[in-house]
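Each chain is listed here by its residues.
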Amino acid sequence: MANSDVNLVVQRGTVHAIVGENGAGKSTLMKTLYGMHRPDSGTVRIDGKAAVLTSPSDAIERGVGMVHQHFQLADNLTVLENVVLGSEPRKGVRLDFPEARRRILEISDRYGLDARPDVLVEELGVGERQRVEILKVLYRGARTLILDEPTAVLVPQEVDELFDALRELKSEGLAIIFISHKLDEVLKVADEITVIRRGSTVATVLPGEVTSRELAELMVGSELPTAETRESTVTDVAELTVSDLSLVDRTGRTLLDDVSFTIHRGEVLGIAGVEGNGQAELVESLMGMRHVSAGTVRLGEIDVTDWSTRRRREGGMAYIAEDRIRHGLLLESPLWENRMLGHQTVPPNSKGALLDIRGAKRDTERIVTDYDVRTPSIDVLASALSGGNQQKLIVGREMSGDPTMLIASHPTRGVDVGAQAAIWDLLRDARAKGLAVLLISADLDELIGLSDSIKVILRGRLVADADPATVTPEQLGSAMTGAEGAA
Amino acid sequence: MSGRFDLRRIALAVAAPVLAILFAMLVTSVVLIVSGNDPIVAYVTMFEQLGKPRIQVNILNSATTYYLSAVAVAVGFRMNLFNIGVDGQYRLAAMLAAAFAGTVTLPPVLHVGLTIVVAMMVGAFWAGIAGILRTTRGVSEVISTIMLNFIATGVVAYLLTPGRLAVTTQGSNNIGTAPIPPSGQVPGLSIIPGTTNLVFGLIILAIVIGIAYWFLMGRTRFGFDLRAAGASEPAAVASGVDVKRMIVYAMLLSGAVAGLVGMPQLLGSSYSYGLDFPTGLGFTGIAIALLGRNSPVGIAFAALLWSFLDNSSNSLEFEGVPKQAVLIMQGVIVLSVVIAYEIVRRYRIRIVARDVGRRLAAATSDKEVVA
């Protein structure tokens, strides 16, 4: 049972936040409201009328719209085309674009969304794309908006813009359901907050009455950890040395430009940056998934620039991928096969050319126990686990086989508070064990809390250094957008 | 893992093909009734064939060929490669292997062994072209293997002329490669009593290939890399699999098995590649690999079923039922099994997730009671 006994009342003209751990049932609840699931019992009322929602189109018809966490836009179409896609206005058999443009501009003006209907979506930044998603939903006549983790991909400045737009929407009498992990933001924007734990609503509170700590404690039902690391473990032994790394893609675009840095054993180097400024390319270059155009990568004393991904992994590089669903897991394979992934060439997973299935299974049991992966068995498919438990399995896997270097890309993205704390602990343990850690994260508190030093990446270049002991998220945010120099 | 869970998994695995077959029988029945035939008579007639030793031999023999063809296709399917070219690969391989076996003089076992090696190499070469094109030029293997089928037809026609690799058979219009001497033939097995017809000796080769396929996919690092690349290419790349190299290997492997498809017939019955050598087996293999869900055991059942349908269809003519009814049934089985598998797959993911959720909830509430 994913939800039981959920009570939720959302008033028109308010922002109602829903918070809860991953796997607490937020998504299930939202899917129910959006008609993707039928509830076994209980009712949904919209404007006082009982509504039976059997499909998203039912929900849209009754004015419920959903903005998904992952944008569902076609990059090679214009904003206008994306917005009308699926509900195109017709004049006879022809599409009535002038009418569509008129309506889009009208909605955009009314809610302050600043839409540019004729620009290709691929040319838009993340914040603007999100506004297109919102526009799309409003265009279909939504009066109740469900936003699923809308701030996960935004920098602080963009978050503020989003919140301005939300205030505009609510003043026009729309009801907004806002799902987020970031409690500070929830407290800033919400009029009411409902906490979900293990599938049930445990409390509805007003933002003025609680602190973010209290809120988090309501979510997990226990005390809350912080991201701060204690005493320094940084040594002066260089583990990863990157010199003058450049990457140019086939079209001649420079993705990485003269990137140099050194990570010592026991050091966490944080990379701050707005997504799409070369972080993914940097990680993929370091892991040997891309061929760099110039520069060298040294692991300890050894030049590994020409090594394959497999050789680098065998040589002690561990990798927590940014997108665990795409890069970190085989979703339709059992956990023990996922334990082997990336480590299929080394014990306990294989002996020579043959797999050691018994060894892999035994070691999966160890990871499940040691890293607190909540699963009934190691034979279930990876897709059956919640995001946090998937990530704990990945961390456990990557930490096995005594790596000397760990690349952690957004290690706590989309995981619940409990798993986040556990993953932070694991990263701290890795650092204490003398690993060199490269941490990339959009969560600036996490970055500041865990890193020994921070570098800011902008358009493929490392443009600034920051000292995590003194820098604030706002200063980092400015440096990330290139607004001012070093923080 | 509880027994109930495993039972359900088996039930789910069997449900899709069984439902597809029942649905196909239903559709075929409707067609038969509409066209004025009695479906019951048709099915009874077909099942009666099962009791005839001669038909039993034929079923095993066709199934042997179908099995090899389907395994060749399945190797590609396992990593999302659609080797539509098994057909061209086996025809070219069989023709060149036949020409080889008909000209060389070798001791018995070696003769057969080398012929098989030649066939595998030709098949691998022909499929490898598609693999190389895919990795170096980005050409979809679907397109290139279809094209290579046509080219194979042309090459076979060119080479299969007198003066090149063919000789005319005395007293017939047929031309073919020089007959393979007894040292290169594989004797049949008389494992079915009550008939003088023999089962292809190379049925053993099909069984060996099935076991090798199972072992390679499930028990070796190579198989794991291949399956990982098929399940999620980005995840495989991140795990250190060289996906381009795996594409070439998978195509070579698929082609090598495809090269074997013609061998049971060539070395066990025709002893020469002529104009009358069976064609189209590569496409049958695609259908059977789909039906058998790329599993070595599943494909075996699917090959036997397909072979039964093929070999019992002739009997329908005696009852005045058009034997094309069997083609309809085969077509509907493939279509509906693809759909049924997808439905079962989604259902399974959902049911497993729900099961995990429920058991975790139960476990936590137990703990709380204790605490």
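Residues numbered from 1 in each chain as written. Chains lettered and ligands numbered in written order. Predicted model: local features only at pLDDT ≥ 70, side-chain atom pairs only at ≥ 80, totals over all residues. Heavy atoms only, no water.

### Structural notes on the overall build of chain B
No. 1: The number of helices and strands found in chain B is 14 helices and two strands.
No. 2: Scaling as 2.2 N^0.38, a compact globule of 371 residues should have a C-alpha radius of gyration of about 21 Å, and chain B matches this with 23 Å.
No. 3: Over its C-alpha atoms, taken along the principal directions, chain B stretches across nearly 90 × 55 × 35 Å.
No. 4: In chain B, buried positions account for 49% of the 371 residues.
No. 5: Considering only contacts within chain B whose residues lie at least 6 apart along the sequence, 75% involve residues at least 24 apart.
No. 6: Summed over all atoms, the accessible surface of chain B reaches about 17000 Å², with 69% contributed by carbon and sulfur.
No. 7: Averaging the positions of the 25 positive and the 16 negative side-chain charges in chain B gives two centres separated by 8 Å. (Helix = DSSP H or I, 4+ residues; strand = E, 2+ residues; numbered from the N terminus. Rg over C-alpha atoms; globule rule 2.2 N^0.38 Å. Buried < 20%, exposed > 50% of the residue type's maximum accessible area, 1.4 Å probe, protein only. Contact = heavy atoms within 4.5 Å. Areas by Shrake-Rupley, 256 points an atom, 1.4 Å probe, with all protein chains shown as cover. Lys, Arg positive; Asp, Glu negative; His and termini not counted. Charge placed at Lys NZ, Arg CZ, Asp CG, Glu CD.)

### Here's the deal with the environment of Phe100(B)
All names here are of chain B.
No. 1: As for its position among the elements, phenylalanine 100 is in helix α4 (residues 86–103).
No. 2: You can call phenylalanine 100 partly exposed: its relative accessible area is 23%.
No. 3: C-alpha of phenylalanine 100 to C-alpha of threonine 115: the two residues are 15 residues apart in sequence and 6.9 Å apart in space.

### Thoughts on unusual backbone geometry
Residues and elements named next belong to chain A.
No. 1: Proline 348 follows proline 347 through a cis peptide bond whose omega is 0°.
No. 2: The phi torsion at aspartate 244 lies on the positive side, around 50°, for a residue other than glycine.
No. 3: Looking at the secondary structure, you find aspartate 244 in strand β11 (residues 238–248).
No. 4: Aspartate 244 sits in the partly exposed class, given a relative accessible area of 44%.

### Regarding the packing of helix α12 (residues 281–291) of chain B against helix α13 (residues 296–318) of chain B
Residues and elements named next belong to chain B.
No. 1: At a closest axis distance of 8 Å, the pairing of α12 and α13 adopts a crossing angle of 130°. In terms of orientation, α12 lies oblique with respect to α13. The two elements α12 and α13 cross, and the hand of that crossing is right-handed. Every residue of α13 that contacts α12 at Thr284, Ala287, Ile288, Ala289 and Leu291 is listed here: Ile299, Ala302, Ala303, Leu305 and Trp306.
No. 2: For the contact of α12 with α13, the per-class residue count stands at nine nonpolar, one polar and no charged. (Axes fitted to C-alpha atoms, helices over the stretch in contact; angles between N-to-C directions. Parallel < 35°, antiparallel > 145°, perpendicular 65-115°, else oblique. Left-handed = near helix turned anticlockwise from the far one by under 90°. Nonpolar A, V, L, I, M, F, W, Y, C, P; charged D, E, K, R; others polar.)

### As for the nonpolar core
No. 1: Among the nonpolar cores identified, the biggest contains 154 residues, and Leu406(A), Leu476(A), Met263(B), Leu267(B) and Tyr273(B) are the most heavily contacted of them.
No. 2: Discounting residues that sit within four places of it in the chain, Leu476(A) has contacts with Ala272(A), Leu444(A), Ile448(A), Ile454(A), Val456(A), Ala466(A) and Val471(A).
No. 3: Tyr111(A), Ala115(A), Val137(A) and Phe163(A) belong to the second-largest nonpolar core, a separate cluster that totals 49 residues. (Core = buried A, V, L, I, M, F, W, Y, C linked by side-chain atoms within 4.5 Å.)

### Quick look at the packing of aromatic side chains
No. 1: Tallied over the full model, the rule gives seven aromatic pairs over all chains.
No. 2: Aromatic pair Phe77(B) and Phe82(B): ring centres 5.1 Å apart, planes at 70°, arrangement edge-to-face.
No. 3: By relative accessible area, which is 38% here, Phe82(B) ends up partly exposed.
No. 4: In this arrangement the basic side chain of Arg103(A) is found over the ring face of Tyr139(A), its NZ or CZ atom lying 4.2 Å from the centre. (Phe/Tyr/Trp six-rings, centres within 6.5 Å; stacked < 30°, edge-to-face > 60°. Lys NZ or Arg CZ within 6 Å of the ring centre and 35° of its normal.)

### Brief notes about the interface of chain B and chain A
No. 1: At the junction of the two partners, chain B supplies 30 residues and chain A supplies 34 residues.
No. 2: Counting the surface lost from both chain B and chain A, the interface buries some 2900 Å², and carbon and sulfur atoms represent 63% of this.
No. 3: Of the charged contacts in the structure, one is a salt bridge between Arg310(A) and Asp225(B), with a shortest N-O distance of 2.9 Å.
No. 4: Counting across the interface, chain B meets chain A through 10 residue pairs in polar contact (both at pLDDT 80 or more).
No. 5: Within the residue set of the side of chain B that touches chain A, elements represented by two or more residues are α7 (203–219), α8 (221–231), α9 (233–238) and α14 (324–370) of chain B.
No. 6: With 11 residues, the single largest contributor to the side of chain B that touches chain A is α14(B).
No. 7: The residue makeup of the side of chain B that touches chain A, split by class, is 15 nonpolar, six polar and nine charged. (Buried area = accessible area lost by both parts, 1.4 Å probe. Salt bridge = Lys/Arg side-chain N within 4 Å of Asp/Glu carboxyl O. Polar contact = N/O pair within 3.5 Å; in protein donor to acceptor, adjacent residues only side chain to side chain.)

### With respect to a nonpolar patch on the surface
No. 1: A surface patch of nonpolar side chains, about 480 Å² in accessible area, is lined by Leu354(A), Ile207(B), Ile211(B), Trp214(B) and Phe215(B).
No. 2: A per-element tally of the nonpolar patch places α7(B) first, with four residues.
No. 3: Topologically, Ile211(B) is positioned in helix α7.
No. 4: Residue classification places Ile211(B) among the exposed residues on the basis of a relative accessible area of 52%. (Patch = residues over 30% accessible without salt bridge, like charges linked within 9 Å, V, L, I, M, F, W, Y side chains within 5 Å.)

### A closer look at the domain arrangement of chain A
Residues and elements named next belong to chain A.
No. 1: When the domains of chain A are assigned, the result is domain 1 (15–220) and domain 2 (238–316 + 402–480).
No. 2: Each of domain 1 and domain 2 has a C-alpha centre, and these two points are 32 Å apart.
No. 3: On the domain 2 side, the residues contacting the 10 residues of domain 1 number 13 residues.
No. 4: Both faces considered, domain 1 and domain 2 share a buried interface measuring about 980 Å² in area, 61% of it formed by carbon and sulfur atoms.
No. 5: On the surface where domain 1 and domain 2 come into contact, there are zero salt bridges.
No. 6: Here domain 1 is connected to domain 2 by zero residue pairs in polar contact (both at pLDDT 80 or more).
No. 7: Taken together, the elements giving at least two residues each to the side of domain 1 that touches domain 2 come down to α6 (156–171) and α8 (212–220).
No. 8: Residues belonging to the side of domain 1 that touches domain 2 are distributed by class as follows: six nonpolar, three polar and one charged. (Domains from an automatic or database assignment.)

### Some thoughts on the sheet that holds strand β8 (residues 175–179) of chain A
Residues and elements named next belong to chain A.
No. 1: Overall, mixed pairing links the six strands, which are arranged β4-β7-β8-β1-β9-β10 in an open sheet. Every interior strand has two partners, whereas the edge strands, β4 (64–67) and β10 (200–205), have only one. Looking at each pair of strands side by side, their axes are set apart by 20° on average, direction ignored.
No. 2: Looking at chain direction, strand β7 (residues 144–148) and β8 are connected through five bridges and run parallel. Bridge assignment links threonine 144 to a residue of β8, and that residue is alanine 175.
No. 3: Those strands touched by helix α1 (residues 26–33) are β1 (15–20), β4, β7, β8 and β9 (192–197), and its axis lies near 140° from that of β1.
No. 4: Across the sheet, α6 lies against β1, β7 and β8, angled at about 150° from β8, the strand it touches most. (Pairing = 2+ DSSP bridges.)

### A few points about the confidence of the model for chain B
No. 1: Of all residues in chain B, 96% have pLDDT values of 70 or greater, and the mean over the chain is 90.
No. 2: Residue range residues 366–371 of chain B is modelled with pLDDT below 50. Its contacts to residues more than four positions away, or to other chains, number one contact. (pLDDT = per-residue confidence, 0-100.)

### Remarks on the side chain of Thr284(B)
All names here are of chain B.
No. 1: Within the secondary structure layout, threonine 284 lies in helix α12.
No. 2: For threonine 284, a relative accessible area of 16% translates into the label buried.
No. 3: Separated by 3.3 Å, the side chain of threonine 284 and the backbone oxygen of glycine 280 make a polar contact.
No. 4: Residue contacts for threonine 284: discarding those within four places in its chain leaves Tyr66 and Trp306.

### Comments concerning the pattern of salt bridges
No. 1: Within this structure, the stated rule accounts for 36 salt bridges over all chains.
No. 2: Here Lys455(A) ties to Asp465(A) by a salt bridge, and the two come within 3.0 Å at their closest N and O atoms. On the criterion of sequence distance, the pair formed by Lys455(A) in strand β21 (residues 453–458) and Asp465(A) in strand β22 (residues 461–466) is long-range, its members being 10 residues apart.
No. 3: Among the residues examined, Lys455(A) registers a relative accessible area of 18% and is labelled buried.
No. 4: Here Asp465(A) falls in the partly exposed class, since its relative accessible area comes to 48%.
No. 5: Here Arg358(B) and Asp355(B) are joined by a salt bridge, their closest N and O atoms 3.2 Å apart. With Arg358(B) and Asp355(B) both in helix α14 and three residues apart, the pair spans about one turn of that helix.
No. 6: On the accessibility criterion, Asp355(B) (3% relative accessible area) is buried.
No. 7: Residues joined by salt bridges that share partners form a network here, namely Glu332(A), Glu342(B), Arg345(B) and Arg346(B).

### Points about helix α15 (residues 417–432) of chain A
All names here are of chain A.
No. 1: Between the first and last C-alpha of α15 there are 22 Å, a value that for 16 residues agrees with the 22 Å anticipated at 1.5 Å per step.
No. 2: Inspection of α15 places Val417, Ala419, Gln420, Ala421, Ile423, Trp424, Leu426, Leu427, Arg428, Ala430 and Arg431 among the buried residues, and these make up the whole buried set.
No. 3: Count one or two residues on from α15 and you reach glycine 434, which has phi positive near 95°. (Expected span 1.5 Å × (residues − 1).)

### Some details on the sheet that holds β21(A)
All names here are of chain A.
No. 1: The strand order β16-β19-β20-β13-β21-β22 describes an open sheet built from six strands, whose pairing is mixed. The open sheet terminates on both sides in strands that have one partner only, identified here as β16 (317–320) and β22. Shown here is a sheet whose adjacent strand axes are inclined to one another by a mean of 20°, direction ignored.
No. 2: Contacts between helix α14 (residues 387–399) and the sheet are confined to β16 and β19 (405–409), with β16 contributing the most and set at about 175° to the helix.

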